[in-house]
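# An overview of the molecular structure
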Amino acid sequence: MVDQSASASTEWTLLDNWLRDDFEEGRWDTFNIKTKDIGMPKTIGLRIVKKDVNDGWFCERVIIKSKALNKNAEFLVLDWLLTELWVVAGEETLPQKETCPFIKDVRTREVERNRVTYQWIPRPCPGELGWSLPRFCNETMEQIPFMFESSDNQVFSFEGTRSLIKKDIFKEYLSGKIGFGTELNDYDDYMELFNGTNIPVDKPKFYSKWQEDEEFGRSILNGTNPITVQKISQIPDGVMIKAEQLDGLLDDDINFEQALERNRIYVSDHRQKVRGLPRNIRTKSRAQMHGATPIAMLYVTNKGAFTPILIQLEEDDPDYVFTPNDSAEDWQLAKMYFKSADIAVHQWISHFLYTHAVMEPFAVGLFRNISSRHPIYKLMKPHLRTVAAINTMARKDLLGPNSAANQCIGINAVAAAANAFVNFRYDDLNLPKFLEYHGINDCEVLPNYHYRDDALELWGVINTYIGRIITIYYQTDEDVVNDTELQDWVKDVAYQGIGWQDGDTKGFPTCLHTVEELQSYITVVVYTCSVQHAAINFGQFETYKILPNTPGAMRLPPHKRGEATKERIMNSLPDAVMTIMQLGTSFLLSKYSAEDVFLGEYSEELFTNGGVWLAKEQFRRDLKKVEERIIKRNEGLEIPYTTLLPSKIPISIAS
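Residues numbered from 1 in each chain as written. Predicted model: local features only at pLDDT ≥ 70, side-chain atom pairs only at ≥ 80, totals over all residues. Heavy atoms only, no water.

## Quick word on the overall build of the chain
What the chain contains, in helices and strands, is 19 helices and nine strands. Against the globule reference of 26 Å for 655 residues, the chain gives a C-alpha radius of gyration of 27 Å, in line with a compact fold. Over its C-alpha atoms, taken along the principal directions, the chain stretches across nearly 90 × 60 × 50 Å. When each of the 655 residues of the chain is scored for burial, the buried share is 56%. Of the contacts formed within the chain by residues at least 6 apart in sequence, a portion of 74% connects residues at least 24 apart. On the chain, roughly 28700 Å² of surface is accessible, and the fraction owed to carbon and sulfur atoms is 49%. Computing the positive centroid from 72 side-chain charges and the negative centroid from 93, the chain places the two 4 Å apart. (Helix = DSSP H or I, 4+ residues; strand = E, 2+ residues; numbered from the N terminus. Rg over C-alpha atoms; globule rule 2.2 N^0.38 Å. Buried < 20%, exposed > 50% of the residue type's maximum accessible area, 1.4 Å probe, protein only. Contact = heavy atoms within 4.5 Å. Areas by Shrake-Rupley, 256 points an atom, 1.4 Å probe, with all protein chains shown as cover. Lys, Arg positive; Asp, Glu negative; His and termini not counted. Charge placed at Lys NZ, Arg CZ, Asp CG, Glu CD.)

## What about the environment of Ser 5?
Looking at the element boundaries, Ser 5 is found in the segment before β1 (43–47). Here Ser 7 takes part through its side chain, which lies 2.7 Å from a polar atom of the side chain of Ser 5. (Polar contact = N/O pair within 3.5 Å; in protein donor to acceptor, adjacent residues only side chain to side chain.)

## Quick look at the packing of helix α7 (residues 328–369) against helix α8 (residues 375–384)
Put simply, α7 and α8 touch, their axes get as near as 10 Å, and they point 140° apart. One finds that α7 runs oblique with respect to α8. Crossing of α7 over α8 shows left-handed handedness. In contact with Met 359, Phe 362, Ala 363, Leu 366 and Phe 367 of α7, α8 contributes Ile 376, Tyr 377, Met 380, Lys 381 and Leu 384. Residues of the contact of α7 with α8, tallied by class, amount to nine nonpolar, no polar and one charged. (Axes fitted to C-alpha atoms, helices over the stretch in contact; angles between N-to-C directions. Parallel < 35°, antiparallel > 145°, perpendicular 65-115°, else oblique. Left-handed = near helix turned anticlockwise from the far one by under 90°. Nonpolar A, V, L, I, M, F, W, Y, C, P; charged D, E, K, R; others polar.)

## Some thoughts on helix α4 (residues 213–222)
With seven of its 10 residues buried, α4 lies for the most part within the structure. Buried within α4 are the following residues: Glu 215, Phe 216, Gly 217, Ser 219, Ile 220, Leu 221 and Asn 222. In this structure, the buried residues of α4 make contact with β5 (229–231), β6 (265–269), β7 (295–300), β8 (306–312), α7 and α12 (450–473).

## A few points about the pattern of salt bridges
Pairs may arise between side chains of opposite charge once their charged atoms sit close together. Within the structure shown, the criterion is met by 40 salt bridges. With a shortest N-O distance of 2.8 Å, Asp 213 and Lys 335 are connected by a salt bridge. Taken together, the residues span a long stretch of sequence, with Asp 213 in helix α4 and Lys 335 in helix α7 at a distance of 122 residues. Here Asp 251 and Arg 264 are joined by a salt bridge, their closest N and O atoms 3.5 Å apart. Of this pair, Asp 251 sits in the loop between β5 and α5 (256–261) while Arg 264 sits in the loop between α5 and β6, placing them 13 residues apart in sequence. (Salt bridge = Lys/Arg side-chain N within 4 Å of Asp/Glu carboxyl O.)

## A closer look at the packing of α7 against helix α14 (residues 484–498)
The contact between α7 and α14 brings their axes to 9 Å, and the two run at 140°. Compared by their axis directions, α7 and α14 come out oblique. The two elements α7 and α14 cross, and the hand of that crossing is right-handed. Contacts from Pro 361, Phe 362, Gly 365, Leu 366, Arg 368 and Asn 369 in α7 reach Glu 485, Asp 488, Trp 489, Asp 492, Val 493, Gly 497 and Ile 498 in α14. Its residues placed into classes, the contact of α7 with α14 shows six nonpolar, three polar and four charged.

## Let's talk about the packing of aromatic side chains
The full count for this structure, using the stated rule, is 26 aromatic pairs. Geometrically, the ring pair formed by Phe 58 and Trp 80 is edge-to-face, given 5.6 Å between the ring centres and 65° between the ring planes. Of this pair, Phe 58 sits in strand β2 (residues 57–66) while Trp 80 sits in strand β3 (residues 71–81), and the two are 22 residues apart along the sequence. Assessed through its relative accessible area of 25%, Trp 80 is described here as partly exposed. It is Lys 506 that lies over the ring of Phe 421; its NZ or CZ is 4.6 Å from the centre. (Phe/Tyr/Trp six-rings, centres within 6.5 Å; stacked < 30°, edge-to-face > 60°. Lys NZ or Arg CZ within 6 Å of the ring centre and 35° of its normal.)

## A closer look at the side chain of Gln 540
Checked against the element boundaries, Gln 540 lands in helix α16 (residues 540–544). Reaching out from Gln 540, the side chain makes a polar contact with the side chain of Gln 347 at a distance of 2.8 Å. In contact with Gln 540, other than residues within four places in its own chain, are Thr 224, His 346, Gln 347, His 351, Ser 586, Leu 589 and Ser 590.

## What to know about the sheet that holds β7
In spatial order, the strands read β5-β6-β7-β8-β9; together these five strands make up an open sheet with antiparallel pairing. In this open sheet, the two strands that pair with only one neighbour each are β5 and β9 (321–322). Pairing between β5 and β6: three bridges, direction antiparallel. Considered in β6, the bridge of Val 229 is made with Ser 268. Contacting β5, β6, β7 and β8, α4 crosses the sheet at an angle of about 90° to β8. (Pairing = 2+ DSSP bridges.)

## Topic: unusual backbone geometry
Non-glycine residue Ser 132 carries a positive phi angle of around 65°. By the secondary structure assignment, Ser 132 is in the loop between α1 (101–117) and α2 (152–177). Backbone geometry places Lys 506, a non-glycine residue, at a positive phi of 55°. Structurally, Lys 506 is set in the loop between α14 and α15 (515–537).

## Concerning a nonpolar patch on the surface
Together, Leu 15, Phe 23 and Ile 33 line one region of the surface with nonpolar side chains, adding up to about 220 Å² of accessible area. Mapped onto the elements, Ile 33 comes out in the segment before β1. (Patch = residues over 30% accessible without salt bridge, like charges linked within 9 Å, V, L, I, M, F, W, Y side chains within 5 Å.)

Take a look at the structure:
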């Protein structure tokens, strides 16, 4: 123990109760010790002398009670003790505002130790996992730092669910081998496929409407991939159709050029995201999976519906251009091919890359560079602690070429993410800027975009909350500039996490200059780890249930106009094994954990400043207002949008 002025200290004292097994999980231990009188300690050191190689002790807090002074000193630890750990009592503070040289040294040594514990993966080479992607933690699941580990409950739940799904897949595969595989002759057969399996499937609210054009448009705006829409002012290059060919597809009182002028034409364009990417090959049968290189054009009707008016599946050939005027089979199959590409874009780009992969550098960088005494550490730890563990699991079980996900989604996972990362920019994570850039921020022009409305409101609530907290500690812009730990974090994320390969930091800040910049930076991270991940992840099982509406891959190449029949459609859609793989994977990813902590709540209170406690309480009140508004809005919707109810948004990426 070290006193308040760091001028006196005690010797190391062994903590051991005779005939008692100390330091058991979930238990308080009390030790009576006699030592040198130094007054009330300001700093304590904890050291493990004998332990198993992979053993550690998570200590919540230490309370020192002085009988002589009749006073208590509380030390909030909330960290893993692996060898030696020093803890300072009192309020969190910025590094430049530490006044005690000993505490400054404790803080410096903590960061130095953490840079050994939390290391970046060595720079990958071409062809290795991680090439052309954000950098990640240099550990396997067996060796990942204790701070990043998933709980036993989370691991057991994930592994247990995965084992059940594997049984369903294997059973269907064997049945097919001996001639008793499930026959899929009609769309409804896909729902019957899950009878007797471990995948619970009830019909979603849109089941009776999934083939309708308005439902297609609703799913583009408010489904699991609601960030692909962009307003246009002219027909995009490469789209093989003329304006006059689209006139009859709109309301009677408007032609296509007028619709463009009135901001009522939009596209969901996946061409650049999937063009030229390798299609997966099934492990057992070696059958090639197929997909399109599509773009969809959509129109806001006089009634406010969002409906498709064109789908082009391949480039440079007008026979791959479809409109609602084509046969019902041609049009339906075109929508299926578009959705198949959309699922790959959703899973590998919107979900994995834009949330999981780009957040891991923030997590690794935080724990490498910022002391546990720092207010930013205490603010960000709950949001970033889980992402490295779930990503490590995903790299092992979901991204490999033979993974279940790559056996039911036609486009290769790593290739899709790496291709998208080339053009990815930091501002893509800033929701207001993203919506404005794509021309989809105006609710009067583009109505019924519930994801945008809910997400924007939550962005504002989070931004305000972050502002309330950081201004407690950062009084001036100079406080930001002079915070060496903060600046090291920002620099590490930009150069080592994002720009490690070619120096292109993709617009990620390499330093912060103002309180406003810091507020925006923290808001981006908290929003992405919570709201954006929830919007992209937790609705996918409900959306994918009707598999003909959301096929992850197709078994035949895209059709040309006039080629589609019901038989061609059924032969193009996934078979039973692919279907169980896709639904099983989405079910696994969509599950909440029993240990999830939801937006506004925290499993542990790291802060000692009362002003932060007040800010958190106001944050919860603001979130409650958002929840009430969403519930009231949903009362008037035939298909409610519940994905972004704050009570359903975990604060971190853990699935």
